[in-house]
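What the coordinates show
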Amino acid sequence: NAKSEGGGSAHAFTAQMRDSLQRRRLLEVDLRQALALREFTLAYQPQYDIDSRTLVGFEALLRWHHPERGHVSPGEFIPLAEDLGLIVPIGEWALRTACKEAVTWPLPLPISVNISPLQFRNPNIVSMVTSALAAAGLDPNRLELEVTEGALLLNSEPVMNIFRQLKAIGVRFAMDDFGTGYSSLGYLQKFPFDKIKIDQSFVRNLPDSGDGVAIVRAVSALGSSLGLSIIAEGVETEEQLSCIRQNGCLQVQGYLTGRPLAPAAVEALVAAEKAGETGQ
Ligand code: C2E
Ligand code: MG
Ligand code: MG
Ligand code: MG
């Protein structure tokens, strides 16, 4: 109201800060127990080849169902889990669960799992990934790890070694949120990525944004000359889809083509894809 926008605004501001700090502290307490209380699940968002309309894989996305607050967004709890170091055990749970669930799908499609910077800088990541694959019986060639440039360090031999060892067993790498960091091209040159994920911030204002169009076109051209696949995130409209396709991007992941799905719905979607493939 008019009053709180006038003299009361400083007070309203501090009240808001206090509330959000308090929410953060309460969430922190609950987040520490969420894994033990089995409050996490994974949702899987489909990825498609645009021209053939075939499924090319899924990205596993963490979901936290809080007993009182309901769904808490990853945008809120992932940064908190990172600050508290909890992303290491939570991320391990996500990887192990994704591998186990992917093994049950009717087709051996690739599965992408997000790896936080904190996990990736720990040399134990190599044995953790190997053990998750073995426990699930998942072919390492089906696993793709999504890392952001925050996970990498340009001149770090240990980080490069982690990358090399995982590549050697057949695991693939996607650079997530491409273009949002400081040195995307430097990392692309230094690390043997297999895929670039164009960040949704570049897709959001298509087709009207001339800059967005130029970026999608340039990144797609870069990817094809480096032999990498390119996928655009956050595609919500037909206009965005035809725009990215016209500018050389061949794969899509977004609400238009499919929201993140619960495991049972994934099985049904993959089964339908398989039936289509074999013409049944
Ligand atoms: P991300 O890895 O870039 O994942 C893509 C995010 O974009 C997901 O949000 C997805 O639901 C959302 N998205 C997909 N298509 C659309 C679209 O068309 N429109 C819009 N507006 N959004 C779309 P989500 O699930 O909320 O996850 C947010 C972020 O949380 C992820 O961004 C990732 O950085 C992080 N995250 C999620 N799961 C994990 C995990 O298991 N481990 C780690 N370390 N981070 C995770
Ligand atoms: Mg991702
Ligand atoms: Mg992303
Ligand atoms: Mg992101």
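Keep in mind that this is a model prediction, so the values were computed, not measured.

On to the pattern of salt bridges, then. Counted by the stated rule, this structure contains 13 salt bridges. The partner of Lys197 in a salt bridge is Glu233, with the nearest N and O atoms 3.7 Å apart. A residue pair is termed long-range when its members are at least 10 positions apart, and Lys197 in strand S7 (residues 195-198) and Glu233 in strand S8 (residues 229-233) qualify at 36 residues. For the pair formed by Lys197 and Glu233, the shared burial category is buried. A single network of salt bridges, built from pairs that share partners, joins Glu59, Glu146, Lys197 and Glu233.

The protein atoms that coordinate the magnesium ion (ligand 3) are Asp176 (OD), Asp177 (OD) and Glu233 (OE), at distances spanning 2.0 to 2.3 Å. Along the chain, the residues that donate to the magnesium ion (ligand 3) are spaced as D-D-x55-E. Between the magnesium ion (ligand 3) and the magnesium ion (ligand 2), both coordinated by Asp176, there is a metal-metal distance of 4.2 Å. Of the two residues, Asp177 is situated in strand S6 (residues 172-178) and Glu233 in strand S8; the sequence distance between them amounts to 56 residues. On the basis of relative accessibility, which here comes to 28%, the residue Asp177 falls in the partly exposed class.

Looking at the chain as a whole, the pLDDT averages 92, with 96% of positions reaching at least 70. Between residues 1-6, whose pLDDT stays under 50, and residues either more than four places distant or in other chains, the model counts two contacts. Here the complex is predicted with pTM 0.94, and the ipTM for its interfaces comes to 0.98.

The next subject is the site of ligand 1. Around ligand 1, the surrounding shell holds 22 residues, and the nearest of these are Arg63, Asn114, Asp176, Glu236 and Tyr255. Here Gln200 contributes a side-chain N or O atom positioned 3.0 Å from an oxygen atom of ligand 1. In this structure, an oxygen atom belonging to ligand 1 sits 2.8 Å away from a main-chain N or O atom of Tyr255. The fraction of the free accessible surface of ligand 1 (810 Å²) that becomes covered by protein chains is 82%. For the shell around ligand 1, the elements supplying multiple residues, two or more each, are strand S2 (55-66), helix H3 (74-84), helix H4 (87-103) and S6. Top element by residues in the shell around ligand 1 is S2. It accounts for four residues. Taken together, the residues of the shell around ligand 1 sort by class into nine nonpolar, six polar and seven charged.

Rules behind the numbers
Residues numbered from 1 in each chain as written. Chains lettered and ligands numbered in written order. Predicted model: local features only at pLDDT ≥ 70, side-chain atom pairs only at ≥ 80, totals over all residues. Heavy atoms only, no water. Salt bridge = Lys/Arg side-chain N within 4 Å of Asp/Glu carboxyl O. Helix = DSSP H or I, 4+ residues; strand = E, 2+ residues; numbered from the N terminus. Buried < 20%, exposed > 50% of the residue type's maximum accessible area, 1.4 Å probe, protein only. Donors = N, O, S within 2.8 Å, 3.2 Å for Na, K, Ca; no water. pLDDT = per-residue confidence, 0-100. Contact = heavy atoms within 4.5 Å. Near = heavy atom within 4 Å. Polar contact = N/O pair within 3.5 Å; in protein donor to acceptor, adjacent residues only side chain to side chain. Areas by Shrake-Rupley, 256 points an atom, 1.4 Å probe, with all protein chains shown as cover. Nonpolar A, V, L, I, M, F, W, Y, C, P; charged D, E, K, R; others polar.

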